[in-house]
Amino acid sequence: MPIVYWKKKRNEKFIYIFDNQQLKKEEETTFLTRLEAGKTTQEKYFESKRHFGKIYLISNMDIEPKEVYHYYKDRNQIEYAFNIFLNLLEADKNYLREDKKFEGYIFINFISLF
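Residues numbered from 1 in each chain as written. Predicted model: local features only at pLDDT ≥ 70, side-chain atom pairs only at ≥ 80, totals over all residues. Heavy atoms only, no water.

Enquirer: Is there a simple way to explain the overall build of the chain in this structure?
Expert: Secondary structure assignment for the chain yields 4 helices and 3 strands. Along the chain, helices (α) and strands (β) appear in the sequence β-β-α-α-β-α-α when read from the amino end. Against the 2.2 N^0.38 benchmark of 13 Å for 114 residues, the chain shows a C-alpha radius of gyration of 21 Å, more extended than a compact globule. In terms of overall dimensions, the chain has a C-alpha envelope of 60 × 40 × 25 Å along the principal axes. For the chain, the residues scored as buried account for 20% of the 114 residues in total. Considering only contacts within the chain whose residues lie at least 6 apart along the sequence, 53% involve residues at least 24 apart. As presented, the chain carries roughly 9,300 Å² of accessible surface, and 55% of it is formed by carbon and sulfur atoms. (Helix = DSSP H or I, 4+ residues; strand = E, 2+ residues; numbered from the N terminus. Rg over C-alpha atoms; globule rule 2.2 N^0.38 Å. Buried < 20%, exposed > 50% of the residue type's maximum accessible area, 1.4 Å probe, protein only. Contact = heavy atoms within 4.5 Å. Areas by Shrake-Rupley, 256 points an atom, 1.4 Å probe, with all protein chains shown as cover.)

See the structure below:
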């Protein structure tokens, strides 16, 4: 799905804004579900509606917004891989004393990520 993006300069920083229509639908559906359940108010819905589907990133780099978006998405994939590495594979718990055995252990866990 295409993402609409633009950037604004504020002082020495750049604000990158990304508008994702699919994310907007998901956020609106979630908010309306919470509204129906009585967990939020209609005023809060109208107040928040203009931010649905938007991702705001602040940076000191003056680069193309498309490149910033790819950096953001890559970071998300790396965090997901670390989450699997630590939680599912429990790779943060090892009882190895020798460097070679530890390197082999890390290598096998790395292969497991794929």
